[in-house]
Amino acid sequence: MAASTVDGEVEVFTLPFKKSRNLKLRSVWGMGKELYMFQSQIPHKEREESQRSSSESKIFDVQWNAEMHDIARKLVNETHNIFVILQGQVKSLSQSILYSQLRKASKQYRAVLKACSMELMQIADSCTDESKKLKYEEHIQEFEMVQLIWSLCEILFIDVAPGGLVLTSLLDWLQWHFQEGKQLATKVIHSDQPCEHPQYWEAIYRLLLQGDTENVRKLLALNVYSHSDSFIAADEVLKKMPRWTYQHAQSVAEYEMKWRHWREECVRRYEAAQFAAYPELETIVQVLCGDEAVFKDLKDCCETWYHLLVSKLLYQNPTCRIQDLTYEIKPCQAVYSNSSPQIQELDNILQAALEFDLHQVIKDSCTFLSNRSWWFVSHLADILHHCGQLDPQELPFGSNLREYLLLEYATSLMAHKSLYQVGIDYLDFCPVFGRSYIEAYVERIPLETERKAHKILHICLERDLLVQAQSICKVMGMKCLKQERFGSALSWFLKSKDATVIKQVTDRFLNEYCEEGKFSHLDLIDHLGPSMLITNSLTFLAKYREFHTFYNNGDVKGAVNLLLSLISSRLAPKFFWMTMLMDALPLLNLPEVVFNVSQTYELLHCLDILVVLFHYNLYYILFV
């Protein structure tokens, strides 16, 4: 057998089946990503192999991508609530209010992702087992990639800036996901002589390329030459750099004019050689001037082409619109040559996002990121669908992309014993195939305990899955019946309303009474209520118990009338008739006469029938 791994390779494993020309390998789907593998006879060989013992056949439970660590489980459970609440808002809120809720939900998803990633980092740091630590680091890397992709898609498709001015959001994206500059700056500042630190200028360049001019100025102020004219001039141009924010009441044209004047000042001062005494300061001012060559020189401080893209936009075209990003991709990619296939896959996804090809983003993410879980693509596609960004066109099999991804994610959850309820909640919001998936899955969920069976039964009743609910009750009733727990069995069968099996259980109760002279589970029998009308045998059981209640309470007349009514109705099985006649004996021995003539004749008639049956059975035993 073979299964794909996270890296796209194929892992081969062997099932210990015996080779035989008369047997073939077969499989049946289980829950989610699960197959039951077994051997069966080839049809035309069945007669030849009829001697084969059925005990030789083995069933193997084969699962793939079923591993889920505790942090991933936490991610599933916490984001499940966000998803369910959002689906309710989609139905109830107006379009304008809904968009704000979609943006809020997207940020909530990312917050949970970040929390899980940080928790994984703590676990990895404290882990002493190298193999486990390596797995945790793989999970962390995947979480980080998911956050990187999601946050970019949020900027481009979900929380779109007014007027399409995207640079401010992209700078926040850089500073959020690329922390090397801040970490390096902290390391430099806490050294004994910051300006002598070997990575002093690298820290400045990294911060500058992320637009963090305030911290650049702080690092420059730590230099021993900070009071020189060149350093003061550099500090001035950094301080004057105009910033675009939506909070300030300025138009785009006004900001663009201020920025153009500022850059002209940078160019003028650079050409006047105000920074010539310090080559590093010249490099800083070249960045501020948007010089093309200096970005290539500092490519190692950006590390990736998309980091370089944002840095260049900041100093070359800060009023870039969202639709202009596509034209900046190729020049930035040409500066880098990535050898890692994993990084290349991530690059393809981010490039597809910047080119507004959402279907390619989802397709590549499915093949690259979702080998362990469909969590990312399903939740992202759901928000994009509600934002109107995904093409609503149906796929060839009759559903849209959102539903397809949710179905796959729910299927992966159903493979886990404790997450089936979460998976069913996702299937509830798949309008085309969701119900049929639920019907198929609830019939395959193992019913290990009564508590779990009650949970699944509640799921079925909530969704009006009456056939599946009845099946669950029958299965649990038969389990209790085999364990001779007649009370529990009757309780389950009453829920299934299966008259045939209920009759079998009530006969067991009556047999138990014949042998022991008392009923067990009186609480259940005394509170049957309307359920007693499901079958005649159950009606008889309830009424016979009522007869004993009358008799024990001293209501002789009520007991007599009810007993004769039960005898004349012929509701009781024939093996119980003698017991009812025996119940009549104490009533016949009372000092006063409680049976009238017609009632006495009814008792005698019942006795005659029993005598005839007795003689017939005796004849059958002796002569037949």
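Rules of the game
- Residues numbered from 1 in each chain as written.
- Predicted model: local features only at pLDDT ≥ 70, side-chain atom pairs only at ≥ 80, totals over all residues.
- Heavy atoms only, no water.
- Helix = DSSP H or I, 4+ residues; strand = E, 2+ residues; numbered from the N terminus.
- Contact = heavy atoms within 4.5 Å.
- Areas by Shrake-Rupley, 256 points an atom, 1.4 Å probe, with all protein chains shown as cover.
- Core = buried A, V, L, I, M, F, W, Y, C linked by side-chain atoms within 4.5 Å.
- Buried < 20%, exposed > 50% of the residue type's maximum accessible area, 1.4 Å probe, protein only.
- Patch = residues over 30% accessible without salt bridge, like charges linked within 9 Å, V, L, I, M, F, W, Y side chains within 5 Å.
- Salt bridge = Lys/Arg side-chain N within 4 Å of Asp/Glu carboxyl O.
- Lys, Arg positive; Asp, Glu negative; His and termini not counted.
- Charge placed at Lys NZ, Arg CZ, Asp CG, Glu CD.
- Axes fitted to C-alpha atoms, helices over the stretch in contact; angles between N-to-C directions.
- Parallel < 35°, antiparallel > 145°, perpendicular 65-115°, else oblique.
- Left-handed = near helix turned anticlockwise from the far one by under 90°.
- Phe/Tyr/Trp six-rings, centres within 6.5 Å; stacked < 30°, edge-to-face > 60°.
- pLDDT = per-residue confidence, 0-100.
- Nonpolar A, V, L, I, M, F, W, Y, C, P; charged D, E, K, R; others polar.

Undergrad: What exactly am I supposed to notice about the overall build of the protein chain here?
TA: Helix and strand counts for the protein chain stand at 29 helices and five strands. Counting only contacts in the protein chain whose residues sit at least 6 apart along the sequence, the fraction spanning at least 24 positions is 61%. Split by element, the accessible area of the protein chain, about 32900 Å² in all, is 53% carbon and sulfur.

Undergrad: Could you clarify how one ought to interpret the nonpolar core in this entry?
TA: Buried together is how nonpolar side chains tend to be arranged in soluble globular proteins. Counting residues in hydrophobic clusters, the biggest one holds 179 residues, and the most contacted among them are W173, L220 and L325. In terms of residue count, the dominant contributor to this core is helix α3 (residues 130–158) (13 residues).

Undergrad: What am I meant to see in helix α6 (residues 200–209) here?
TA: Helical periodicity: at 3.6 residues per turn, an α-helix aligns residues three or four positions apart in one direction. Burial within α6 is extensive, with nine of its ten residues counted as buried. Those residues of α6 lying buried are Y200, W201, A203, I204, Y205, R206, L207, L208 and L209. G211, located one to two residues past α6, shows a positive phi value of around 80°.

Undergrad: Please clarify how a negative patch on the surface should be interpreted in this entry.
TA: On the surface, a cluster of negative charge is made up of D125, D129, E130 and E137. Here E137 is to be found in helix α3.

Undergrad: How should I be thinking about the pattern of salt bridges in this particular structure?
TA: Side-chain pairing between opposite charges can occur once the charged atoms of the two side chains come close. A full pass over the atoms with the stated rule returns 21 salt bridges. Here E154 ties to K107 by a salt bridge, and the two come within 3.0 Å at their closest N and O atoms. Taken together, the residues E154 in helix α3 and K107 in helix α2 (residues 95–126) connect sequence positions 47 residues apart. Assessed through its relative accessible area of 4%, E154 is described here as buried. Between R269 and E236 there is a salt bridge whose closest N-O contact spans 2.9 Å. Of this pair, R269 sits in helix α9 (residues 252–271) while E236 is found in helix α8 (residues 229–240), placing the two residues 33 residues apart along the sequence.

Undergrad: Any chance you could explain the environment of Y327 here in plain terms?
TA: Its location among the elements puts Y327 in the loop between α13 (305–316) and α14 (329–335). The spacing of Y327 and L354 is 27 residues in sequence and 9.6 Å in space, taken between C-alpha atoms.

Undergrad: Teacher, can you tell me more about unusual backbone geometry here?
TA: With the exception of glycine, the majority of residues adopt a negative phi angle, and the majority of peptide bonds are in the trans configuration. The backbone of F356 shows a phi angle near 65°, a positive value even though the residue is not glycine. Relative to the assigned elements, F356 resides in the loop between α15 (341–354) and α16 (358–368).

Undergrad: What should I look at first to understand the side chain of Q351 in this one?
TA: Secondary-structure assignment places Q351 in helix α15. Residue class for Q351 comes out buried when judged on its relative accessible area of 12%. Apart from the residues lying within four places of it in its own chain, the contact partners of Q351 are W305, I329, K330 and Q333.

Undergrad: I tried to follow a nonpolar patch on the surface on my own but got confused; where do I start?
TA: Together, M578, M582, L585, L588, Y601, L604 and L607 make up a nonpolar patch on the protein surface, roughly 680 Å² of accessible area in all. Those elements that provide at least two residues to the nonpolar patch are α28 (577–588) and α29 (597–623). With four residues, α28 is the single largest residue contributor to the nonpolar patch. Take M582: it is sitting in helix α28.

Undergrad: Can you walk me through the packing of helix α21 (residues 450–462) against helix α22 (residues 466–482) in this structure?
TA: Helix-helix packing: each pair is described by the crossing angle between the helix axes and the interaxial distance. Across the interface, α21 lies against α22 with an axial gap of 9 Å and an inter-helix angle of 160°. Relative to α22, the element α21 is oriented roughly antiparallel. You can see that α21 and α22 cross each other, and the crossing is left-handed. In this structure, α21 contributes E450, A453, I456, L457, C460 and L461 to the contact, and α22 contributes Q468, A469, I472, C473, M476 and C480.

Undergrad: Mind showing me how you'd approach the packing of aromatic side chains here?
TA: Here the distance between the centres and the angle between the planes together describe a pair of aromatic rings. Under the defined criterion, the tally for this structure stands at 18 aromatic pairs. Geometrically, the ring pair formed by F178 and Y306 is tilted, given 6.1 Å between the ring centres and 55° between the ring planes. On the criterion of sequence distance, the pair formed by F178 in the loop between α4 (167–177) and α5 (180–189) and Y306 in helix α13 is long-range, its members being 128 residues apart. By relative accessible area, F178 is classed as buried at 7%.

Undergrad: Would you take a moment to explain the environment of F550 for this structure?
TA: Mapped onto the elements, F550 comes out in helix α26 (residues 536–552). For F550, a relative accessible area of 24% translates into the label partly exposed. Residues F550 and V560 lie ten residues apart in sequence; the distance between their C-alpha atoms is 9.0 Å. Residues contacting F550, with those up to four places away along its chain left out, are D555, G558, A559 and L562.

Undergrad: When you look at the environment of C460 in this model, what are you seeing that I'm missing?
TA: The topology assignment puts C460 in helix α21. Assessed through its relative accessible area of 0%, C460 is described here as buried. Residues contacting C460, with those up to four places away along its chain left out, are V442, L465, Q468, A469 and I472.

Undergrad: Looking at this structure, I do not really get the confidence of the model for the protein chain. What am I missing?
TA: Detailed reading of the predicted coordinates is not advisable wherever pLDDT is low. Of the residues in the protein chain, 82% reach a pLDDT of 70 or more, and the chain-wide mean stands at 82. With pLDDT under 50 throughout, residues 45–55 is counted as low confidence; its partners more than four residues away or in other chains account for seven contacts. Overall, residues 619–624 carries pLDDT values under 50, and its contacts beyond four positions in sequence, including any with other chains, amount to one contact.

Undergrad: Looking at this structure, I do not really get the side chain of Q333. What am I missing?
TA: As for its placement among the helices and strands, Q333 is situated in helix α14. The exposure class of Q333 is buried, given its relative accessible area of 18%. If we skip the residues at most four places from it in the chain, Q333 touches W305 and Q351.

Undergrad: Mind showing me how you'd approach the packing of helix α18 (residues 401–414) against helix α20 (residues 434–442) here?
TA: Look at α18 against α20: their axes get within 11 Å of each other, and the N-to-C directions meet at 15°. As summarised for this structure, α18 and α20 are arranged roughly parallel, according to the angle between their axes. Helix-helix and strand crossings are classified by hand; for α18 and α20 the assignment is right-handed. Here α18 contributes E403, L407, T411 and M414 to the contact with α20, which in turn contributes G434, Y437 and Y441. Grouping the amino acids of the contact of α18 with α20 by side-chain chemistry returns four nonpolar, two polar and one charged.

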